[in-house]
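One-letter residues, chain by chain:
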Amino acid sequence: MKKYTYLVLGLLGFAALLNSCGNGNQGKSSSGALNSSNAEKVYVAPGEHDEFYAFMSGGYSGNLTVYGLPSGRMFKEIPVFSQFPTSGYGYSEETKPMLNTSHGFVPWDDSHHPDISQTNGELDGRWIFINGNNTPRIARISLSTFETEEIIEVPNSAGNHSSSFVTENTEYVVAGTRFSVPIPQRDMPINQYKGNFQGSLSFISVDPEHGHMDIKFQIIMPGFNYDLSHPGRGKSHGWFFFTTYNTEEASTLQEVNSSQNDKDFIAAINWKKVEEYVNNGGGTKMPANYAHNVYDESTHTATTTMKKEVVTVNPLDVPGAVFFLPTPKSPHGCDVDPTGQYIIGNGKLSADLTIHSFDNMIAAIEGKKFDGEAYGIPILKFEDVLAGTVKSGGLGPLHTEFDGKGNAYTTFFISSEVVKWKLGTWEVIDRKPTYYSVGHLMIPGGNSRKPFGKYVVALNKITKDRYLPVGPEMEHSAQIYDISGDKMELLYDFPTHGEPHYAAGIPAELLAPKSKKFYKLADNKHPYATLGAADAKVERDGKDVHIYMSTIRSHFTPDNIEGVKVGDKVYFHITNQEQDFDVPHGFAVIGANNSELLIMPGQTKTLVWEPKQVGVWPFYCTDFCSALHQEMQGYIRVSPANSNLELSWSLGD
Amino acid sequence: MKKASVLMIIGSFLLMGLFAFPLWNIMLGAPQYPDPLGMDIYIDGIKGVEEFDIQNIDGLNHYIGMKTIPKPEEMWEFTTFPYVIGGMVFLGVMVGLMGYFEKLSYKGFIAWFVIMSVLGLLGMYDFNAWMIDYGTNLDPHAIMKISNPDGTPMTYKPPLFGNQKMLNFDVTSLPSIGAYMMFAGMSLTLGASYMGWKSKGTKVKQQLKKAVAA
Ligand SMILES: [Cu+2]
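Source: prediction; values computed, not measured. (Residues numbered from 1 in each chain as written. Chains lettered and ligands numbered in written order. Predicted model: local features only at pLDDT ≥ 70, side-chain atom pairs only at ≥ 80, totals over all residues. Heavy atoms only, no water.)

J.: Provide a residue-level description of the overall build of chain A, including the pertinent values.
T.: Scanning chain A for helices and strands turns up seven helices and 46 strands. Looking at the 653 residues of chain A, the share that counts as buried comes to 58%. Of all intrachain contacts in chain A linking residues separated by at least 6 positions in sequence, the fraction that spans at least 24 positions is 63%. On chain A, roughly 26,200 Å² of surface is accessible, and the fraction owed to carbon and sulfur atoms is 54%. Between the mean site of the 54 positive side-chain charges and the mean site of the 74 negative ones, chain A shows a separation of 4 Å. (Helix = DSSP H or I, 4+ residues; strand = E, 2+ residues; numbered from the N terminus. Buried < 20%, exposed > 50% of the residue type's maximum accessible area, 1.4 Å probe, protein only. Contact = heavy atoms within 4.5 Å. Areas by Shrake-Rupley, 256 points an atom, 1.4 Å probe, with all protein chains shown as cover. Lys, Arg positive; Asp, Glu negative; His and termini not counted. Charge placed at Lys NZ, Arg CZ, Asp CG, Glu CD.)

This is the structure:
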């Protein structure tokens, strides 16, 4: 008996030991008896890791930023649609093609809605997609390298806003147009908008293996504004829902003129039906011109292909594929709950939320209970599809997310608050103010069948007095609420970079283990790679000078170069020889008209430098790489254009 | 004696583990290396615990003027040791077989054990001598020259066994799987010698008993 007690005590001791040193989350979890303070709930001790990754769109920064939750610490800024001098993205020869479009090189965009790839309706952590709003584009970012790998331009589209949401198995990422435009584009009077402009909803297929995107088809819709969208899931998988505004088709003073109808629509699209139609040869091949930019990880280089054709589909040619669900007061957000049953349209000019039922919608379609049509597309009866209304008492409902436990959380822009309500009963459970003017909100796994409903992050538009003032402009603010209990609890707020328009979150354990630590030199297939210092060299090809340069702590090979002339175009192709986690080297040369480079271990990057002045000019490493970082430097001698000096290079004597 | 011989053969065979597994392991941990760097020392060469550990260790060591970690062809040991170990395995198996067929007594086992122990000690001595050279014979042009408090130049010999703090690194040097298999094998041969000795004793006793009975 005594022995038995010892054994139990021993096991208990062992368990206690495991808890005290093994689990970093200990102490952060709020236990019932000890009501831990909010500070403890967001505190992540030095050296410990956050529980979630949060990917916040940078809005007008054109980027995507990576934060940890619950700490609010920023880990990385991923350039997507913007040039980024920090790393040379969009400046290096390898990444310039990423920003090519049919309008030429467009080094900026407005990045709005990130969405993480899914398998069976659950986050799989392979890629994250984000839309460029201004010059319509969709980007795919690898979640092992956290680098932008692909950008596809979307023709026949303008204000690519109802994007980039993915279907349940990442079959498609959508790009819906906010602005309707003449399709194809042409010179015509703007006041003839009505009946002549059209809106395209693009379904971009994603290759399940390497993620490569391709516009499978575009549905050419009436000239409304297609604002936001979400895919069906579970029972409604195969459908996609888009909110619309300006069903009035006003072309001027839309602030007033597009707010005249009491009800706009949610467009319900049965994309499986359209897909089948296209697979059977349906649709029209329309001439188009759009860029497809793909970055190859082994050559570390992007290439642009201009595509010349897109398949368009007239919804009237696919009966039973497209319907309109009347939804009050210019709906903005269009959110589908994790079961796929409820479609929530938030009338941004109303106080109430309108919830449609997928089952009711199917029943109404089967019963052919239509209430007229718009441009031939059947309109369902509002009462037939309605599941319920949330009478909230707030103003300006925008977006809704779900905790996976039967609750929904809706942001109210005008009244600056998050309102928690119950799906099915439509009763309001709780409401908490935000500081201030909240747009989107995010629960990790929000656009999936399995939300991780522990925190909600409110993404606010106006910051005002939350932090020390820094002049008239402040970075926007995000706020994190604990939603594990009945009532929401504001835990913390932190500034974010750009406009955190929307965000996507994922448990850290799904991403961290497969994050790449460095590129293998042996796999480097860059045509100008220098795989070993012995291969370093300088070659002249007419007026082009190619410098094959290698870097390792703490020198460049070669470090002295002579024989370059004014008027030459000098390509510094630099390969980082390190094979260790997080040991980049930088490169900068005096007077370069672009940026520096940050070269990751095993990577090759190229900077073009066009010397305009005779002299001996230094270059150096910009990333504090070692104790001898300061000595990591070299010189390039530039002689007059008519000089006969032969190219030479050296390291040591 | 038959059982003892089988044990002797198994024991010798366990030395074969040295061809597959490292003999020794040295790990270098530091705050900026949360995943420590490490080298596994095999009888035919040195390999990094992770693919690029050797490159990264060399990269660090060049600051203090240490030579790069030797490639197999740069040390005679790495070509010789496999033959020595192979020879000892062969010898051990032969001795065991001869014991099995009663061509040799347990003394043969002891002889093998003694030879192996001497070779082992010589190996350790050689290994230690290499580490002394590696840690003290530094490049006079080294980027960093660090002195001990008494003014003598700091040396960087890793410990032969156990843990030692060297600059910002915690260096831990311990036997690895191959060595444990060798120790186990040698223990078995020692056990075999003991069993052989015991069985010989009982045999004599039995013969005596028989003789008395007769
Ligand atoms: Cu450097």
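J.: Give me the lowdown on the interface of chain B and chain A, citing residues and values where you can.
T.: With nine residues of chain B at the interface, the matching set in chain A holds twelve residues. Taken over both partners, the interface formed by chain B and chain A buries close to 810 Å², and the fraction arising from carbon and sulfur atoms is 48%. Linking chain B to chain A there are one salt bridge. For the salt bridge of K520(A) with E51(B), the shortest nitrogen-to-oxygen distance reads 2.7 Å. (Buried area = accessible area lost by both parts, 1.4 Å probe. Salt bridge = Lys/Arg side-chain N within 4 Å of Asp/Glu carboxyl O.)

J.: Provide a residue-level description of the coordination of the copper ion, including the pertinent values.
T.: Residue and element names in this part refer to chain A. The protein atoms donating to the copper ion are H585 (ND1), C621 (SG), C625 (SG) and M632 (SD), with metal-donor distances spanning 2.1 to 2.4 Å. For the copper ion, the four donor atoms in the first shell make angles of 97 to 130° at the metal, so the coordination geometry reads as tetrahedral. Site description for the copper ion: donor spacing in sequence, H-x35-C-x3-C-x6-M. On the criterion of sequence distance, the pair formed by H585 in strand 41 (residues 585-589) and M632 in the loop between strand 44 (615-620) and strand 45 (633-639) is long-range, its members being 47 residues apart. Accessibility expressed as a relative area gives 0% for H585, which makes it buried. (Donors = N, O, S within 2.8 Å, 3.2 Å for Na, K, Ca; no water. Tetrahedral: all angles 85-135°; square planar, octahedral: opposite > 155°, others 65-115°.)

J.: Pulling in residues and values, what's your account of the sheet that holds strand 4 (residues 162-166) of chain B?
T.: Sheet strands associate in pairs through backbone hydrogen bonding, adopting either a parallel or an antiparallel arrangement. Residues and elements named next belong to chain B. The strand order 3-2-1-5-4 describes an open sheet built from five strands, whose pairing is antiparallel. Looking at strand neighbours, the two that pair on one side only are strand 3 (45-48) and strand 4, the edges of this open sheet. For this sheet the average axis-to-axis angle between neighbouring strands, irrespective of direction, equals 20°. (Pairing = 2+ DSSP bridges. Axes fitted to C-alpha atoms, helices over the stretch in contact; angles between N-to-C directions.)

J.: Lay out the confidence of the model for chain B in plain terms, naming residues and giving numbers.
T.: The share of residues in chain B with pLDDT of 70 or more is 97%, and the mean pLDDT across the chain is 90. Predicted complex, confidence summary: ipTM 0.80, pTM 0.89. (pLDDT = per-residue confidence, 0-100.)

J.: Before we move on, could you go through the sheet that holds strand 29 (residues 417-422) of chain A and cite the residues and values that matter?
T.: Residue and element names in this part refer to chain A. Strand order in the open sheet formed by four strands is 27-28-29-30, and the pairing between neighbours is antiparallel. With one partner strand each, in any of the chains shown, strand 27 (397-402) and strand 30 (428-433) form the two edges of the open sheet. Averaged over all neighbouring strand pairs, the angle between strand axes comes to 20°, with direction disregarded. Across five bridges, strand 29 lies against strand 30 in antiparallel orientation. Note on strand 30: the bridge partner recorded for V419 is R431.

J.: I'd like a description of the nonpolar core, backed by residues and values.
T.: All names here are of chain A. In terms of nonpolar packing, the biggest core is built from 29 residues, with F203, F217, M221, F242, I269 and F324 touching the most fellow members. When near neighbours in sequence (up to four residues on either side) are disregarded, F203 contacts Y172, V173, V174, D214, I215, K216, F217, I219, F240, F242, I269 and W271. Core analysis: the second largest hydrophobic core is formed by 26 residues, F81, I130, A508 and L511 among them. (Core = buried A, V, L, I, M, F, W, Y, C linked by side-chain atoms within 4.5 Å.)

J.: A description of the environment of L160(B) should follow, citing residues and the corresponding values.
T.: All names here are of chain B. One can find L160 in the loop between helix 5 (106-136) and strand 4. Residue classification places L160 among the partly exposed residues on the basis of a relative accessible area of 22%. On a C-alpha basis, the gap between L160 and W24 in space is 9.4 Å, while along the polypeptide they are 136 residues apart. Contacts of L160, omitting those with residues within four sequence positions, involve W24, M124, F127, N128, M131 and S173.

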